[in-house]
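As a plain string of letters, each chain reads:
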Amino acid sequence: MSTRDFDIVIAGAGHNSLACAAWLARSGLKVCVIERNSWIGGGCVTREVTKPGFKHDLYGSSHVWIHANPDFQVLLPELKKYGLEYIWEENHITGHPDLNGKGVVVFKDVDRTCESISHYSVADARRYREIYDKWGEIRDGFIKGMFSPPAKPGAMPSALQDSYDGLLRLKEFNLSSRQFVLQNFENDTVRAFILGWAMAPQIFPDTECTGQSFYILIPGIHTYGAAIPKGGSMMLPTALAKYIEERGGQVMTNAPIKRFLLDGDGSCVGVRLENGDEISATRAVVTGLGLKVSFLDCMDPEDLHPDFLKAGKAFSYGSVSIARVHYALNELPDYKNGDDMNACAFHRIFGSMHDIDVQYGEIMMGKAPSNPFLWSAGWTKLDPGRAPKDKHTLILDTFVPSRLSDGKNWEDYVEEYVDTVLLKVLRRHTNNMDAGNILGAYYESGVSLEAANPAFVSGNTTGGERLLSQMGYMRPLPGFSQYKSPVPKLYMTGPSCHPGGGITAMGTITANVMLRDFGMPHRELN
């Protein structure tokens, strides 16, 4: 058994763990990041899974909110030296095809977006613009709040409760996504496209207190635009790993962790790998593995308080998972809604509000959706180097129940489901998605996602269900929202912590909390 010492040991090499490590390494700490797989990146993985030369982002692919992270902006000039280059879509951000009209295109320019919406409803275009215009009032507070430890649950109500306008805003924030859309927009097509936008974090339309997200989603896309790393999503973790190693750190792969090591006082002092090696930390350990893997799988129950164990076992990962296919194509889909629609690399295909209701009703009953909405991304439109010359890649997916009530296993059924249901929907909206256009396909389900990354529990890629009881000051669990676990010297990072899932490099929040605890220079936090 060999033993190695570092200042900091970090379990898991997802992009959040790597961002945490990079920020600590920047402060002169010697960091070791440990990953069970032969690859790094967590949800930022790019591989050739269909045919040689076709690079597919297997999980996260659109890098939007990471550019709101002030720490990442400090790191980015250095990361560029290690190959991270962002490609920006400065015009056509997202297309929303429609068989009964022109469809809606979200442009970087908010006025052009409102013009597109106005083909369906002038009033809805006006309301969209009003929501965007509120951004100036909340932008600075939102960014600081998103990239700081979460405030106490009474902070927002206490700030808004003493005025009528504040109470109205608080009411809107507390609405479900469905109720927000119904109360703010009138046209069914517009309602469906905006509701679909809000459900990306694997939430249900009626999940309460998600109304506030619209004041972020709508202006955020027009502020930050859309960006992807040249060469694939994996270029982010690859650059972060090189940054860490250049500063004396180490990123280990093929090194599954068996146990977190505690000293006689109950403090975390390192990890033991499955091969018996021990990696020691003189200052602290960080886990980016989520609640289940960190505390239920990699710790002895007697080392945790029974109440914490009970809460960890009750933590919800939700019942919504993913059915996905990666295609190698001759041509990108040719949408029937014309040039502006086809100028978009990313599309959300939602029909009506009724269609959404039916799909989520089927999900709740454990049935594979019969007429699902689709997300599709053809990133080779922006980054041709991800495929051989004049060829393309496409991601196509939808939300499905984590478990099917008829007893089928998604891993056995996903290929048939994609070929007979998802592809059928896509073909209704396009002119060229026949068999001759498809050169290769690679299918994913929640089962394969969790097999590749045990932190994707039940195929949930967002670190846990986004319930009011599991967000903000309650994430991941009451009393543990400040990135500190119940085990002394064991910190937490990753999507199970605030602000949740997505490519945000939120690991720098954990790093700043640690630096503050160490008495070292750090970014000011809430």
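Residues numbered from 1 in each chain as written. Predicted model: local features only at pLDDT ≥ 70, side-chain atom pairs only at ≥ 80, totals over all residues. Heavy atoms only, no water.

Trainee: What's the story with the overall build of the protein chain in this structure? I'm lost.
Mentor: What the protein chain contains, in helices and strands, is 18 helices and 18 strands. For 526 residues, the compact-globule estimate of 2.2 N^0.38 gives 24 Å, and the C-alpha radius of gyration of the protein chain, at 23 Å, lies within 12% of that figure. In terms of overall dimensions, the protein chain has a C-alpha envelope of 70 × 60 × 50 Å along the principal axes. Sorting the 526 residues of the protein chain into buried and exposed places 58% on the buried side. Sequence separation of at least 24 residues holds for 73% of the intrachain contacts in the protein chain that already meet a minimum separation of 6. When the accessible surface of the protein chain is summed, it comes to about 20,600 Å², and 49% of that surface belongs to carbon and sulfur atoms. Counting 52 positive and 60 negative side-chain charges, the protein chain places the centres of these two groups 2 Å from one another. (Helix = DSSP H or I, 4+ residues; strand = E, 2+ residues; numbered from the N terminus. Rg over C-alpha atoms; globule rule 2.2 N^0.38 Å. Buried < 20%, exposed > 50% of the residue type's maximum accessible area, 1.4 Å probe, protein only. Contact = heavy atoms within 4.5 Å. Areas by Shrake-Rupley, 256 points an atom, 1.4 Å probe, with all protein chains shown as cover. Lys, Arg positive; Asp, Glu negative; His and termini not counted. Charge placed at Lys NZ, Arg CZ, Asp CG, Glu CD.)

Trainee: Which parts of the structure should I look at to understand the pairing of strand β10 (residues 257-262)?
Mentor: A regular strand places its side chains so that they alternate between the two faces of the sheet. Bridge count between β10 and strand β11 (residues 268-273): five bridges; the pairing is antiparallel. Each bridged residue has a counterpart across the sheet, and for R259 the counterpart in β11 is R272. (Pairing = 2+ DSSP bridges.)

Trainee: Looking at this structure, how should I read the packing of aromatic side chains?
Mentor: Where two aromatic rings form a pair, the distance of their centres and the angle of their planes describe that pair. Throughout the structure, instances matching the rule amount to 24 aromatic pairs. In this structure an aromatic cluster arises from ring pairing among F204, F350, Y360, F373, W375 and F399. When the ring centre of Y215 is taken as reference, the NZ or CZ atom of R169 above it lies at 4.9 Å. One cation-aromatic arrangement involves R247 over Y243; the distance from NZ or CZ to the ring centre is 3.6 Å. (Phe/Tyr/Trp six-rings, centres within 6.5 Å; stacked < 30°, edge-to-face > 60°. Lys NZ or Arg CZ within 6 Å of the ring centre and 35° of its normal.)

Trainee: Whenever I open this one, helix α3 (residues 110-118) confuses me. Can you help?
Mentor: Each α-helix turn comprises 3.6 residues. Residues three or four places apart therefore point the same way. Within the sequence span of α3, burial applies to V110, T113, C114, S116 and I117. Projected down its long axis, α3 carries its buried residues within an arc of 155 degrees, all on one side. Residues of α3 that are buried make contact with β7 (104-107), α4 (122-133), α9 (188-198) and α10 (214-224). Two or three places before D111, at the start of α3, stands the capping residue D109, its side-chain oxygen 3.1 Å from that residue's backbone nitrogen. (Arc of directions from axis to C-beta. Polar contact = N/O pair within 3.5 Å; in protein donor to acceptor, adjacent residues only side chain to side chain.)

Trainee: Just to check I follow, could you spell out the sheet that holds strand β6 (residues 92-96) for this structure?
Mentor: Across a sheet, strands are paired by hydrogen bonds formed along the backbone, either parallel or antiparallel in direction. The mixed open sheet is built from seven strands, whose spatial order is β7-β6-β14-β15-β16-β13-β17. A strand with exactly one partner marks an edge of an open sheet, and here the two such strands are β7 and β17 (438-445). On average, each strand axis in the sheet is tilted by 20 degrees relative to the strand beside it, whichever way the strands run. Judged from the four bridges that link them, β6 and β7 form a sheet pairing that is antiparallel. Its bridge partner being in β7, H96 is matched across the sheet by V104. (Axes fitted to C-alpha atoms, helices over the stretch in contact; angles between N-to-C directions.)

Trainee: Help me understand the pattern of salt bridges, please; the structure alone is not making it clear to me.
Mentor: Close approach of charged atoms allows side chains with opposite charge to pair. Summed over the entire model, instances satisfying the criterion amount to 17 salt bridges. Across the pair K81 and E78 runs a salt bridge whose closest N-O atoms are separated by 3.1 Å. Taking relative accessible area as the criterion, K81 reaches 60% and is therefore assigned exposed. Across the salt bridge formed by D133 and R129, the nearest N and O atoms sit 3.1 Å from each other. (Salt bridge = Lys/Arg side-chain N within 4 Å of Asp/Glu carboxyl O.)

Trainee: Could you clarify how one ought to interpret the packing of α4 against α10 in this entry?
Mentor: Pairs of packed helices are described in terms of their axes, by the angle between the two and the distance that separates them. At their nearest, the axes of α4 and α10 sit 8 Å apart, and the two run at 90 degrees to each other. When the interaxial angle is binned, α4 and α10 end up roughly perpendicular. Contacts between α4 and α10 involve R127, Y128, I131 and Y132 from the former and F214, Y215, I218, P219 and H222 from the latter. Classifying every residue of the contact of α4 with α10 gives seven nonpolar, one polar and one charged. (Parallel < 35°, antiparallel > 145°, perpendicular 65-115°, else oblique. Nonpolar A, V, L, I, M, F, W, Y, C, P; charged D, E, K, R; others polar.)

Trainee: Any chance you could explain the state of the cysteines here in plain terms?
Mentor: Here a disulfide denotes a covalent bond joining the sulfur atom of one cysteine to the sulfur atom of another. For the coordinates displayed, the defined rule picks out zero disulfides. We note that C344 lacks a disulfide partner, and the nearest cysteine sulfur, in C114, lies 16 Å from it. Here C344 falls in the buried class, since its relative accessible area comes to 2%. (Disulfide = S-S within 2.5 Å.)

Trainee: Looking at this structure, how should I read the nonpolar core?
Mentor: Looking at soluble globular proteins, one finds that nonpolar side chains tend to be buried together. I34, Y128 and F260 are the most contacted members of the largest nonpolar core, which has 144 residues in total. Excluding residues that lie within four positions of it along the chain, F260 makes contacts with A11, C268, G270, V271, V285, T287, L289, S294, C298, M299 and L490. Of all hydrophobic cores here, the second largest spans 27 residues; its members include V325, Y327, L396 and V421. (Core = buried A, V, L, I, M, F, W, Y, C linked by side-chain atoms within 4.5 Å.)

Trainee: What should I look at first to understand the environment of I131 in this one?
Mentor: Within the fold, I131 resides in helix α4. The class of I131 is buried, set by a relative accessible area of 0%. Remark: the alpha-carbon pair of I131 and I216, spanning 85 residues in sequence, is separated by 9.0 Å. If sequence neighbours within four positions are ignored, I131 has contacts with F180, F185, F214, Y215 and I218.

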